[in-house]
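Remarks on the overall topology
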Amino acid sequence: MTITFLGTGTSQGVPVIACGCEVCSSPDGRDKRLRSSILVESDNTTIVIDSGPDFRYQMLRANVQKMDGVVFTHEHKDHVAGMDDIRAFNYKQQAPMDIYADARVQSTIVREFPYVFAENKYPGIPQVNLRTITEEPFLVGDIRLTPIEVMHYKLPVLGFRINDFTYITDAKTIADSEKEKLRGTKILVLNALQKQAHISHFTFQEAIELAQEIGAETTYFTHISHRLGKHADVSSELPAGIKLAYDGLKISI
Ligand SMILES: [Zn+2]
Ligand SMILES: [Zn+2]
């Protein structure tokens with residue numbers, strides 16, 4: 001399977017609109033971060049985890065030709081705002097899109113995209129099938145995902161383990177019982193927002209500590225703020241086995 005980081009930025013993306021800081025004005029392509037999302041491709045299945053406001057451009061940039069499902073971690077705008085653009089795959093595949101979310105996230109999606117779920121539908125709107133994520137592992141095509149509950153301050157958010165790869169975004173704390181699901185993962189992705197304390201995200205230091213506790217062969221940080229610093233500078237501060245992800249990074253799992 002292949003993982004592609006479609007976006008590795010926090011909710012505002014990097015650069016931030018109208019910000020002149022050294023990160024936002026950096027010429028390094030790795031300092032251009034769209035909103036966080038990954039593409040997961042097996043031999044016969046392609047899924048995306050989250051479809052934030054940059055979804056359309058992410059699909060174009062990664063030249064994604066088909067999509068078998070959209071899996072949501074949680075309902076914050078930077079993770080769901082681009083769902084309208086799944087229409088392109090509806091037209092091409094002549095089928096509704098399977099949308100995987102837990103019951104709470106589904107209720108927000110229904111509220112925020114009311115026209116998609118209206119009784120009398122306007123022509124051309126997205127066609128979706130809502131699929132409910134519970135605590136149990138589930139299959140999208142031949143990709144098996146195990147949900148992991150993490151806490152985004154007080155909001156439960158889902159991380160996902162796929163074989164020995166685990167993707168966690170928007171976490172501040174993880175209960176010990178859920179941490180057990182991370183054990184033995186070879187590649188771990190964690191959110192690491194900035195060095196300054198934050199109420200709902202791991203800081204850089206907290207993410208390093210959790211990465212070292214879990215001990216994956218490689219840990220990648222994502223959901224990065226312009227306040228963390230430039231990719232090249234921050235990378236040189238990281239312990240062995242921990243890297244900053246960047247948009248376009250592909251890894252095999
Ligand atoms: Zn987020
Ligand atoms: Zn900035």
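Below is a summary of the structure that appears in this document. (Residues numbered from 1 in each chain as written. Chains lettered and ligands numbered in written order. Predicted model: local features only at pLDDT ≥ 70, side-chain atom pairs only at ≥ 80, totals over all residues. Heavy atoms only, no water.)

Digging into the pattern of salt bridges
Counted by the stated rule, this structure contains 18 salt bridges. The shortest N-O distance in the salt bridge between Asp 54 and Arg 35 comes to 2.7 Å. Of this pair, Asp 54 sits in the loop between strand 3 (46–49) and helix 1 (55–61) while Arg 35 sits in the loop between strand 1 (2–7) and strand 2 (37–41), and the two are 19 residues apart along the sequence. Pair check on accessibility: Asp 54 and Arg 35 agree, each one buried. For the salt bridge of Asp 84 with Arg 87, the shortest nitrogen-to-oxygen distance reads 2.9 Å. (Salt bridge = Lys/Arg side-chain N within 4 Å of Asp/Glu carboxyl O. Helix = DSSP H or I, 4+ residues; strand = E, 2+ residues; numbered from the N terminus. Buried < 20%, exposed > 50% of the residue type's maximum accessible area, 1.4 Å probe, protein only.)

As for the coordination of the zinc ion (ligand 1)
Coordination sphere of the zinc ion (ligand 1), protein contribution only: Asp 78 (OD), His 79 (NE2), Asp 170 (OD) and His 223 (NE2), at 2.1 to 2.3 Å. Relative to the metal, the 4 donor atoms surrounding the zinc ion (ligand 1) lie at angles of 93 to 159°, and the coordination shape comes out irregular. Read from N- to C-terminus, the donor residues coordinating the zinc ion (ligand 1) fall into the pattern D-H-x90-D-x52-H. Here Asp 170 lies in the loop between strand 10 (165–167) and helix 5 (176–179) and His 79 lies in helix 2 (residues 77–80), a separation of 91 residues in the sequence. The pair His 79 / Asp 170 is uniform in exposure class, with both members buried. (Donors = N, O, S within 2.8 Å, 3.2 Å for Na, K, Ca; no water. Tetrahedral: all angles 85-135°; square planar, octahedral: opposite > 155°, others 65-115°.)

A few points about the sheet that holds strand 9 (residues 155–162)
Spatially, the 7 strands line up as an open sheet ordered 7-8-9-10-11-12-13, and their pairing is mixed. Two strands close off the open sheet at either side, each with one partner strand: strand 7 (138–140) and strand 13 (242–244). Going from strand to strand, the sheet's axes swing by 30° on average, the running direction of each strand aside. In this structure, strand 8 (residues 143–152) lies alongside strand 9, joined through 7 bridges in antiparallel fashion. Within the sheet, the bridge partner assigned to Met 151 lies in strand 9 and is Pro 156. (Pairing = 2+ DSSP bridges. Axes fitted to C-alpha atoms, helices over the stretch in contact; angles between N-to-C directions.)

A look at the pairing of strand 1
Taking burial as the measure, the 6 residues of strand 1 include 5 buried ones, the bulk of the element. In the sheet, strand 1 pairs with strand 14 (residues 250–252) via 3 bridges, with the strands oriented antiparallel. Its bridge partner lying in strand 14, Ile 3 is registered against Ile 251. Taken together, the 5 bridges between strand 1 and strand 2 define a ladder with antiparallel strand orientation. Paired with Ile 3 across the bridge in strand 2 is Val 40.

Let's talk about the coordination of the zinc ion (ligand 2)
All of the protein donors around the zinc ion (ligand 2) are Cys 19 (SG), Cys 21 (SG), Cys 24 (SG) and His 226 (ND1); their distances to the metal are 2.0 to 2.3 Å. The sequence motif formed by the donor residues of the zinc ion (ligand 2) is C-x1-C-x2-C-x201-H. Placement of the pair is Cys 24 in the loop between strand 1 and strand 2 and His 226 in the loop between strand 12 (218–222) and helix 7 (231–235), with a sequence separation of 202 residues.

Some remarks on helix 6 (residues 204–214)
One full turn of an α-helix is made of 3.6 residues, so residues set three or four places apart face in the same direction. Looking at helix 6, one finds that the buried residues are Phe 204, Ala 207, Ile 208, Leu 210, Ala 211 and Ile 214. Buried residues of helix 6, seen end-on, are gathered within an arc of 165° and therefore sit on one face of the element. Where helix 6 ends, the next residue or the one after it, Gly 215, has phi of about 70°, a positive value. (Arc of directions from axis to C-beta.)

Topic: the pairing of strand 9
It is a general feature of regular strands that their side chains alternate between the two faces of the sheet. When you tally the buried positions in strand 9, you get 7 out of 8 residues, the bulk of the element. Looking at chain direction, strand 9 and strand 10 are connected through 3 bridges and run antiparallel. By the bridge assignment for strand 10, Arg 161 is matched with Thr 166.

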